[in-house]
Amino acid sequence: MDAVIKKIMPTSSYMEKPVTDRPSQEEVEAAVRTLLRWTGDNPDREGLVDTPKRVAKAYREMFGGYDMCPAEELGRTFEEVAGYDDLVIVRDIKFHSHCEHHMVPIIGKAHVGYLPDGKVVGLSKIARVVDIFAHRLQTQEAMTAQIAGVIQDVLNPRGVAVMVEAEHMCMAMRGIRKQGSTTLTSTFTGSFRDNPEEQVRFVTMVRAGSGA
C-alpha cells in the first residue's frame, strides 16, 4: 500500500500546536507548594517534600497534547485502497482528560468514523488525534468538535462522525457528587450531518460492538 505524504498547513486554531508561555520549573514547584499549604498540609513534611517535583513531571505528561499538532498526525494518507469508500470506524478509543473548569479528570472513550473520499489514514492516527486533544484542558463538547473538525479539514472525507462517552470527576468528586453518571456528546459533518440514515448506521455499528 503506497502512502501519500503531504505537508499540512493548519488553518484553524484547534489544528495547530498551541503557543504557550510556560513558567519555569522553579515557578511550577513553588505554585504546587502553595497549593499544598492551601489544603492545610505542610509541604515540608517527609511525604510531601518531593511532591512539587513529581506534580510538575506528571503535569508535563498529562498535558503533553499542548506540544503536539493533531493535523500533522493525519498528514500521511493511503490512496491504494482497492476502491473502498464505505464507513471506517475506530471504536472504543479510551482516553483520560482534565476538565478546564476544575482541572479534575474526565475518563471515557471515543468512537470515530469517517467516509473516505479516495484516501484513508492509518487507524492509529485517529487514536492519536483523540489523545492529543484529550491531553489538554478540555470540555467534552469542545473535544468532540475538535476531533471531528481536524479530521474533516485535513482528510477532507465525505463526512466525519464522532461520539464521546465520559465520566466527569467534577460531578463525581465534588458538587453534586454523582458517581457513575456518563455524559454523551456527538458531532457529525458532511454526509453524516446531511443524512440521518448515516448517523443511525454509525450509532448502530458503535452500539453493536459495545454490546449496548
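Residues numbered from 1 in each chain as written. Predicted model: local features only at pLDDT ≥ 70, side-chain atom pairs only at ≥ 80, totals over all residues. Heavy atoms only, no water.

- The name an unreviewed UniProt entry assigns to the protein is GTP cyclohydrolase 1, from the organism Mesorhizobium hungaricum.
- In its Pathway (unreviewed entry) section, the UniProt entry covering the protein states "Cofactor biosynthesis; 7,8-dihydroneopterin triphosphate biosynthesis; 7,8-dihydroneopterin triphosphate from GTP: step 1/1." (UniProt positions renumbered as here; feature names shortened; annotations may be inferred.)

### Let's talk about the overall build of the protein
In step 1: Within the protein, the regular secondary structure consists of eight helices and eight strands.
In step 2: Principal axes of the C-alpha set define a box for the protein whose edges measure 65 × 40 × 25 Å.
In step 3: Pairs at least 24 apart in sequence give 72% of the contacts found in the protein among residues at least 6 apart.
In step 4: Counting every atom, the protein has about 12,100 Å² of accessible surface; 52% of that belongs to carbon and sulfur.
In step 5: For the protein, the distance from the average site of its 26 positive side-chain charges to the average site of its 29 negative ones is 4 Å. (Helix = DSSP H or I, 4+ residues; strand = E, 2+ residues; numbered from the N terminus. Contact = heavy atoms within 4.5 Å. Areas by Shrake-Rupley, 256 points an atom, 1.4 Å probe, with all protein chains shown as cover. Lys, Arg positive; Asp, Glu negative; His and termini not counted. Charge placed at Lys NZ, Arg CZ, Asp CG, Glu CD.)

### Some thoughts on the confidence of the model for the protein
In step 1: Across the protein, pLDDT averages 90, with 91% of residues at or above 70.
In step 2: Across residues 1-11 the pLDDT falls below 50, and counting only partners more than four positions away or on other chains, this stretch makes 25 contacts in the model. (pLDDT = per-residue confidence, 0-100.)

### A short note on the packing of aromatic side chains
In step 1: This model, assessed by the stated rule, comprises four aromatic pairs.
In step 2: Judged by centre distance (5.2 Å) and plane angle (70°), the ring pair of Tyr59 and Phe63 falls under edge-to-face.
In step 3: Looking at Phe63, the relative accessible area reads 9%, which means it is buried.
In step 4: For the pair Phe192 and Phe202, a centre-to-centre distance of 6.2 Å together with 70° between the ring planes defines the contact as edge-to-face. Residue Phe192 is found in helix 7 (residues 190-194), and its partner Phe202 is found in helix 8 (residues 196-210); the two are separated by 10 residues along the sequence.
In step 5: Three or more aromatic residues joined by ring pairs form one cluster here, namely Phe188, Phe192 and Phe202. (Phe/Tyr/Trp six-rings, centres within 6.5 Å; stacked < 30°, edge-to-face > 60°. Buried < 20%, exposed > 50% of the residue type's maximum accessible area, 1.4 Å probe, protein only.)

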